[in-house]
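What the coordinates show
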Protein chains: 4
Amino acid sequence: MTTPLYLPIRFAILGAGRMGAEHGLALVSLPDVQVVAVADPVEAAAQKVARITRAVRTYTDPLDAIHDPEVQAVIIVTPTSTHAALIEAAAVAGKAIFCEKPVAADLAETERVMRIVEERGVPFQIGFQRRYDASFVQAKARITASEIGQVEQFSATGRDPAPPPLEYLKVSGGIFLDQAIHDLDIARFLVGEVKEVFAIGDTKVDPAIATIGDADTTTVLLTFENGAQGVVQNSRRAVYGYDVRTEVFGSQGKLVMDATPKTALVRYGENVAMDHYHFFMDRFKDAYRAEIAAFVEALTEGRAPTPGARDALESLRLALACTRSLKENRPVRVQDVQATPERQVGG
Amino acid sequence: MTTPLYLPIRFAILGAGRMGAEHGLALVSLPDVQVVAVADPVEAAAQKVARITRAVRTYTDPLDAIHDPEVQAVIIVTPTSTHAALIEAAAVAGKAIFCEKPVAADLAETERVMRIVEERGVPFQIGFQRRYDASFVQAKARITASEIGQVEQFSATGRDPAPPPLEYLKVSGGIFLDQAIHDLDIARFLVGEVKEVFAIGDTKVDPAIATIGDADTTTVLLTFENGAQGVVQNSRRAVYGYDVRTEVFGSQGKLVMDATPKTALVRYGENVAMDHYHFFMDRFKDAYRAEIAAFVEALTEGRAPTPGARDALESLRLALACTRSLKENRPVRVQDVQATPERQVGG
Amino acid sequence: MTTPLYLPIRFAILGAGRMGAEHGLALVSLPDVQVVAVADPVEAAAQKVARITRAVRTYTDPLDAIHDPEVQAVIIVTPTSTHAALIEAAAVAGKAIFCEKPVAADLAETERVMRIVEERGVPFQIGFQRRYDASFVQAKARITASEIGQVEQFSATGRDPAPPPLEYLKVSGGIFLDQAIHDLDIARFLVGEVKEVFAIGDTKVDPAIATIGDADTTTVLLTFENGAQGVVQNSRRAVYGYDVRTEVFGSQGKLVMDATPKTALVRYGENVAMDHYHFFMDRFKDAYRAEIAAFVEALTEGRAPTPGARDALESLRLALACTRSLKENRPVRVQDVQATPERQVGG
Amino acid sequence: MTTPLYLPIRFAILGAGRMGAEHGLALVSLPDVQVVAVADPVEAAAQKVARITRAVRTYTDPLDAIHDPEVQAVIIVTPTSTHAALIEAAAVAGKAIFCEKPVAADLAETERVMRIVEERGVPFQIGFQRRYDASFVQAKARITASEIGQVEQFSATGRDPAPPPLEYLKVSGGIFLDQAIHDLDIARFLVGEVKEVFAIGDTKVDPAIATIGDADTTTVLLTFENGAQGVVQNSRRAVYGYDVRTEVFGSQGKLVMDATPKTALVRYGENVAMDHYHFFMDRFKDAYRAEIAAFVEALTEGRAPTPGARDALESLRLALACTRSLKENRPVRVQDVQATPERQVGG
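Below, the structure is looked at part by part.

Analysis parameters
Residues numbered from 1 in each chain as written. Chains lettered and ligands numbered in written order. Predicted model: local features only at pLDDT ≥ 70, side-chain atom pairs only at ≥ 80, totals over all residues. Heavy atoms only, no water. Least-squares fit on C-alpha atoms with pLDDT ≥ 70 in both. Contact = heavy atoms within 4.5 Å. Salt bridge = Lys/Arg side-chain N within 4 Å of Asp/Glu carboxyl O. Helix = DSSP H or I, 4+ residues; strand = E, 2+ residues; numbered from the N terminus. Buried < 20%, exposed > 50% of the residue type's maximum accessible area, 1.4 Å probe, protein only. Pairing = 2+ DSSP bridges. Axes fitted to C-alpha atoms, helices over the stretch in contact; angles between N-to-C directions.

1. Overview of the relation of the copies chain D and chain A
Laying chain D over chain A is done by rotating through 180 degrees and shifting 0.0 Å along the axis; what remains is an RMSD of 0.0 Å. Overall, the copies show the geometry of a two-fold rotation axis. Within chain D, the C-alpha atom positioned nearest to the axis of rotation is that of D:Leu221, 3.3 Å from it. Counting the interface residues of chain D, we find that 100% of their copies in chain A are interface residues as well, pointing to one common contact surface.

2. Things to note about the pattern of salt bridges
Should the charged atoms of two oppositely charged side chains come close, the side chains can pair. Per the stated rule, a full pass over the model turns up 132 salt bridges over all chains. Among the salt bridges present, the one from A:Arg57 reaches A:Asp68, with a minimum N-O distance of 2.8 Å. Of this pair, A:Arg57 sits in strand 3 (residues 57–59) while A:Asp68 sits in the loop between helix 3 (62–67) and strand 4 (73–76), and the two are eleven residues apart along the sequence. Classification of A:Arg57 by relative accessible area gives partly exposed; the value is 28%. The salt bridge involving B:Glu247 is made with C:Arg159; its shortest N-O contact spans 2.7 Å. Here C:Arg159 lies in strand 7 (residues 151–159) and B:Glu247 lies in strand 11 (residues 243–250), a pairing that spans two chains. Across the pair, C:Arg159 and B:Glu247 agree in class, each one buried. Overlapping salt bridges bring together A:Arg131, A:Asp185, A:Arg188, A:Glu193, A:Arg310 and A:Asp311 as one network.

3. Focus: the sheet that holds strand 3 (residues 57–59) of chain B
Residue and element names in this part refer to chain B. Taking strand neighbours across the sheet as the criterion, the six strands line up as 3-2-1-4-5-6 in an open arrangement whose pairing is parallel. Of all the strands in the sheet, the pair left with one neighbour each is strand 3 and strand 6 (124–126). Each neighbouring strand pair of the sheet contributes to a mean axis angle of 20 degrees, computed without reference to strand direction. Sheet topology note: the strand 2 (residues 33–39)/strand 3 ladder contains three bridges and is parallel. Looking at the pairing, alanine 39 lines up with tyrosine 59 of strand 3.

Set out below in structure tokens:
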């Protein structure tokens with residue numbers, strides 16, 4: 001994409017759930033932006049987000065919003081299973097696209113859709129919001145500026161307060177695609193591409209999760225292309241709240257982004273105590289705003305937004321490698337995970 | 001005020017500087033709110049904030065915005081010296097009022113204007129934004145719930161990164177009215193009214209500040225009506241950034257709101273280091289949003305907003321008591337500070 | 001004193017309570033030291049400390065230990081009321097003296113005894129152990145090296161977990177002499193001499209303390225000779241454990257010694273929690289060792305130990321100034337507190 | 001061992017280097033203990049520690065100290081290569097034994113010597129001092145008391161400030177036996193026995209370390225017998241100082257022992273900064289004292305000291321499993337590491 005969009009950029013929000021409302025708020029806080037349409041099968045939900053965003057039109061079919069001639073850009077926050085089709089439709093219609101992760105749970109489908117996006121040349125951003133958290137942004141800048149020298153070890157922990165409903169998990173693609181992918185994407189963002197993974201995992205939170213072939217507690221060892229060593233630990237349940245910690249160790253220092261207290265308030269009673277974040281909407285609230293602002297800025301300035309199609313693809317490939325390693329109980333090379341897995345049996 | 005305003009509430013922003021833009025952003029993030037007018041003598045500034053807020057009209061005279069028949073509520077962020085007149089005009093016109101502190105540097109003028117506000121029965125909120133910071137909100141709730149028992153000692157530190165220009169200081173009303181008043185207001189918010197103060201202070205940052213009869217470094221001892229003891233330390237300069245720390249000690253525990261790191265990022269090099277906040281716009285960004293949201297919510301629900309006229313008046317009286325104690329080098333009873341000081345000479 | 005003592009330095013410990021045992025352990029950890037005698041009216045207590053220190057002799061009368069010809073130095077940890085007489089006897093006998101604070105609760109008596117110590121030229125160290133805590137040692141070094149520039153504001157909080165028995169308080173000399181004196185001494189250590197104080201205080205912990213003319217909760221405002229401003233807050237009770245916090249603010253930075261967690265262990269459950277120190281023996285354990293080591297090192301090298309007679313005197317004078325300010329409800333100049341108070345009536 | 005030793009327990013210290021002096025100081029701080037002999041080939045070194053410990057005899061041959069009829073217990077802090085022979089001699093002579101880790105770098109030799117210790121029934125303690133650090137002691141107690149429920153994930157980081165000399169590394173047994181073994185032993189202490197390991201590692205600090213067949217930067221994935229998942233990351237160099245962090249995550253909470261600041265002093269300048277520990281002697285100073293105190297207490301009370309022969313053996317086996325996994329680039333079952341490795345080829 002080489003030319004910026006006309007201002008104000010006119011948006012449609014596809015999906016009027018909680019994230020639709022959040023991204024809507026982010027949009028109305030920006031100058032040079034107008035939300036013209038909100039689409040949701042539930043008309044009342046669409047109306048609610050329209051009221052928040054001062055959108056003048058609502059649709060029950062997201063395709064109608066995509067084809068609204070006034071719409072220049074779409075925010076896709078519909079159920080995961082619809083992402084690929086809506087991205088495809090929007091790309092074909094020449095609209096700029098912001099889509100919540102994932103594109104699809106399937107590598108072949110993801111590759112197919114990302115190819116269309118690239119062929120059509122529409123701006124595309126995937127919702128790895130953590131990349132826009134102030135701590136990670138600054139960590140990236142410091143690493144790039146060689147402040148910690150050569151990166152040698154990476155360590156990330158991601159634990160949710162409680163597992164989602166089993167119905168959700170059944171269609172989630174598994175813990176690596178649904179949850180760990182944020183830590184894996186940050187590993188790629190801060191350190192680089194991963195060469196090989198070795199994963200262990202089982203169910204400690206809820207045995208029902210095993211019955212659907214998924215794990216709820218996992219640990220992955222990563223070998224990066226640049227030789228750095230990494231580990232990622234995930235759990236679907238932390239009784240003390242949302243727990244995200246990332247550490248990058250280098251030859252000249254170390255960066256740590258720990259699960260910080262939520263407010264400045266410290267209470268001294270029987271113990272010294274402080275409050276923690278409850279979940280990602282809480283912890284990464286500002287990052288969600290920042291990623292939308294970055295998307296709009298890229299559109300305004302005619303730059304390609306980031307993270308884009310390649311990150312959507314490679315972070316998915318990495319998560320699939322972890323899944324395979326866990327299933328086959330052996331180290332798996334990331335590049336061996338390809339869209340047509342039957343070809344590489346024995347590879 | 002007993003009945004809520006019609007929705008959406010239509011606002012005028014008086015003053016299109018940085019705070020005008022900030023409060024404008026807070027307003028557009030709220031449903032049920034419409035910014036219809038922005039007023040500023042500098043037309044370009046007004047246009048800029050109008051673009052951010054999607055306001056349809058701009059005025060160069062704030063009185064015109066006040067008298068715009070569509071306007072139901074005004075946000076006053078004009079220079080301090082104009083606050084009293086604009087509040088008066090808005091109150092007479094029956095508009096709801098949010099005004100940055102202070103109403104006036106003068107107690108008599110403040111009392112006069114607050115009386116008009118009360119007589120006209122218009123909703124009024126003064127911009128002590130710190131009361132809407134998540135830490136202070138929660139501290140207040142915990143104190144009210146007796147979690148730390150009877151409050152016995154209070155301690156607050158407020159240090160700005162660097163002094164404002166001398167021209168600003170000349171009309172600021174002095175360090176207690178301009179800077180310490182935030183800590184003094186929080187003392188009242190968390191502990192209660194103050195009975196007596198004893199203040200010391202001088203100029204350590206810039207001797208020029210002494211030539212205009214002001215201090216830049218002060219320490220105040222407070223005796224609260226309920227018997228609690230307090231101290232407030234202020235400085236116009238902290239080379240390490242904005243420094244706000246508040247501690248409330250009680251018979252059953254202690255609450256501390258310290259100057260927390262700005263991000264979750266901790267850097268390990270020669271030292272363990274983290275980033276700090278640079279100034280109040282940085283530290284209290286969310287509080288500025290929250291106070292506007294609270295103002296709108298009060299208007300929507302037909303409740304009196306808070307902090308209101310009494311807080312504007314009593315926090316000013318407390319700051320004036322500190323000023324007098326410093327000048328006269330003796331303990332001063334807060335209730336002895338009255339609008340017509342000549343009457344109480346010897347009192 | 002100009003020549004070092006013969007090695008090993010032979011010590012007598014006067015008083016075989018908890019501090020006698022602690023200081024005994026500190027002594028046996030040092031090379032070039034021999035504990036030859038322990039004195040205590042309770043023979044069994046003396047035997048117990050003798051066993052810890054491998055001392056060969058015990059006495060029931062501390063004067064006998066002082067006059068033991070083999071003894072070169074004495075550690076006085078007897079009840080406070082006996083300190084002055086034992087210091088005098090030891091000084092007259094030419095023995096090096098380490099004495100727990102205070103010398104006496106009375107300024108005239110303290111001056112008299114310190115004069116004898118100086119006339120006899122015996123090494124003398126007073127037990128303000130906080131000066132040997134690693135944090136304070138380093139803070140002093142950094143201030144001396146001008147790392148924070150000119151010191152402008154000082155703030156100290158000292159809160160004990162629970163008040164001592166009323167019987168103890170009756171002979172303690174009051175909260176300023178007994179408890180706050182540690183914070184006041186640190187103020188002198190880190191910032192310099194104090195010119196004037198203004199104190200408020202009353203009883204919030206136990207009304208019985210008021211009946212003996214003492215306070216249990218106090219706040220003092222200090223004006224230092226060098227123009228720095230200070231505050232000291234004390235309480236006899238903190239339900240959350242021992243609470244010592246000291247802050248020194250200067251033109252180029254700030255040093256904070258906060259009440260740190262006791263161990264590296266942080267627990268994440270309903271809250272993020274960590275353990276605190278329970279009391280001074282706990283928090284300043286290493287400082288108690290270090291002050292004894294410093295005393296022995298000074299003796300070994302023939303230097304005057306520190307803090308010495310002047311610190312014993314001036315920190316007491318400062319505490320007495322606070323006492324007077326609280327009683328008379330007015331600012332008190334420290335130099336107006338003299339051994340013969342009747343002379344300065346009206347001064 | 002069923003009967004306590006006679007009091008005072010008479011010790012010989014074998015090896016008069018830095019650790020000999022440290023353990024000597026720990027011994028003299030304890031009642032009921034007497035150091036009677038110090039042995040070191042360098043007579044002056046032995047004399048120095050004898051002066052610290054008030055020992056009356058020195059030997060140049062440690063065997064002479066072992067056979068000194070007055071000696072009841074020995075502290076072995078000689079070079080690693082002599083440990084096994086001295087343990088054997090002391091066990092045969094019926095003396096209680098405290099030995100710095102490791103017994104031997106070789107599993108067969110370790111098993112042989114530990115068998116002798118058990119047959120002779122002498123008390124034996126291995127110097128995994130970290131088990132006596134206050135944080136780990138308390139963590140163990142809280143885990144045992146089920147405060148964090150079922151342990152599910154373990155994570156440990158151990159980084160030294162700088163690698164030891166190559167000459168030392170050549171005889172160290174490799175990074176897992178020499179450095180990581182402390183983290184591996186703590187994993188066993190806090191979580192339980194390990195079933196399988198998978199290790200990666202290479203040289204990032206100094207290529208010369210590769211030439212002797214060792215690594216300087218490693219990451220290990222652990223599967224515990226009880227199903228918990230673990231990771232251990234080590235590096236021979238951290239420019240910011242000694243870095244030890246351990247986290248235990250369970251179904252009901254989390255315990256973290258992080259690399260805490262060394263003192264309570266926090267400095268606010270360009271950054272908020274605090275001091276860190278430089279190395280293990282610094283960080284675990286109190287733990288070294290505590291392990292000796294525990295050894296003496298066990299001897300005094302006639303209990304078996306801990307950690308003992310089994311821990312010496314099993315932590316070594318675990319370290320050897322990591323070594324093998326790294327060399328063979330495959331998961332290794334810990335029980336497959338046996339004293340006679342040729343038997344289990346293909347196993």
